[in-house]
Amino acid sequence: MSVKQKVIAIDGPSASGKGTVASRVAAALGFDYLDSGALYRLTALYAQQQHAEWHDEAAVAALAERLPAEFKDGSIWLDGQDVSEAIRTEAIGMGASAVAQLPKVRAALLQRQRDFLGDKGLVGDGRDMGSVVFPEAALKIFLTASAQVRAERRAKQLGLPCEGVAFDRILSDIEARDEADRRRAVAPLQQLPDALLLDTTDLGIEESVKKVLDWYSKV
Ligand code: DC
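Residues numbered from 1 in each chain as written. Predicted model: local features only at pLDDT ≥ 70, side-chain atom pairs only at ≥ 80, totals over all residues. Heavy atoms only, no water.

*Asks:* Help me get a handle on the packing of helix α2 (residues 36-49) against helix α4 (residues 90-99), residues and values and all.
*Replies:* Across the interface, α2 lies against α4 with an axial gap of 8 Å and an inter-helix angle of 100°. Classified by the interaxial angle, the pair formed by α2 and α4 is roughly perpendicular. Each of Y40, R41, T43, A44, L45 and Q48 in α2 lies in contact with α4, whose residues at this interface are I92, G93, G95, A96 and V99. Here the contact of α2 with α4 is built from residues that sort into six nonpolar, four polar and one charged. (Axes fitted to C-alpha atoms, helices over the stretch in contact; angles between N-to-C directions. Helix = DSSP H or I, 4+ residues; strand = E, 2+ residues; numbered from the N terminus. Parallel < 35°, antiparallel > 145°, perpendicular 65-115°, else oblique. Contact = heavy atoms within 4.5 Å. Nonpolar A, V, L, I, M, F, W, Y, C, P; charged D, E, K, R; others polar.)

*Asks:* Residues and numbers for the UniProt feature "domain: Cytidylate kinase" (unreviewed entry) in the chain, please.
*Replies:* Residues annotated by UniProt as "domain: Cytidylate kinase" (unreviewed entry) correspond here to residues 8-216. Summarising residues 8-216: 50% helix, 16% strand, and an end-to-end C-alpha distance of 8 Å. (UniProt positions renumbered as here; feature names shortened; annotations may be inferred.)

*Asks:* Give me the lowdown on the pattern of salt bridges, citing residues and values where you can.
*Replies:* What the rule picks out here adds up to 15 salt bridges. A salt bridge links D35 to R88, with the nearest nitrogen and oxygen atoms 2.9 Å apart. Of this pair, D35 sits in strand β2 (residues 32-35) while R88 sits in the loop between β5 (81-82) and α4, and the two are 53 residues apart along the sequence. By relative accessible area, which is 14% here, D35 ends up buried. Look at R88 and you get partly exposed, because its relative accessible area is 40%. The partner of R169 in a salt bridge is D173, and the shortest N-O contact between them spans 3.5 Å. Of the two residues, R169 and D173 both sit in helix α8 (residues 165-183), four residues apart, roughly one turn of that helix. According to the relative accessible area criterion, R169 is exposed, its value standing at 54%. (Salt bridge = Lys/Arg side-chain N within 4 Å of Asp/Glu carboxyl O. Buried < 20%, exposed > 50% of the residue type's maximum accessible area, 1.4 Å probe, protein only.)

Here it is as structure tokens:
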């Protein structure tokens, strides 16, 4: 297997748990890990800091091109500041979804994503890992779960109950973001014909990781 093929591409909707599964699979195999959504989140945050509108394609693409971001020691840095938590808010999630619709922004981030692949191999998670960024990946997975279960996972993460107004808001935010990611013209979220479906609605993290490792051992 060439280094280019030593890639596991995991795509799927937000809050599906793909980040957790992807990073654990990477650790188990000794591969590097790319959280591509973080790059779109960083771009949205950077645009906000630099007073660029999220829909201003030229301005946001120019910022994405020179995004002063670093992934080190388990943290994510922007312009020398630890923004690991700041990029995880729902507002920045919506901003990320907005900037991710812009073709020039996607183009500006493409090589940067490919550069994450070194000699070790890579597990990348996002929306277009298998379709655009690493079309030669050895294993492509579409990881999903029902919107209800994803909203419950997000609520638990935030320490909120799985019912009531706040929960309904989380669920509708998730559904709105799914819809935007699926319907956009460039690199829409979709299950590719060559991707294996991993539905984690009734599956825990350990079982999901095991499933991916099992599939990879057979490629
Ligand atoms: O996976 P996430 O929630 O951190 O992603 C944030 C947003 O970035 C999401 O709404 C869609 C976008 N995204 C994308 O368009 N392509 C990727 N490869 C990863 C994320």
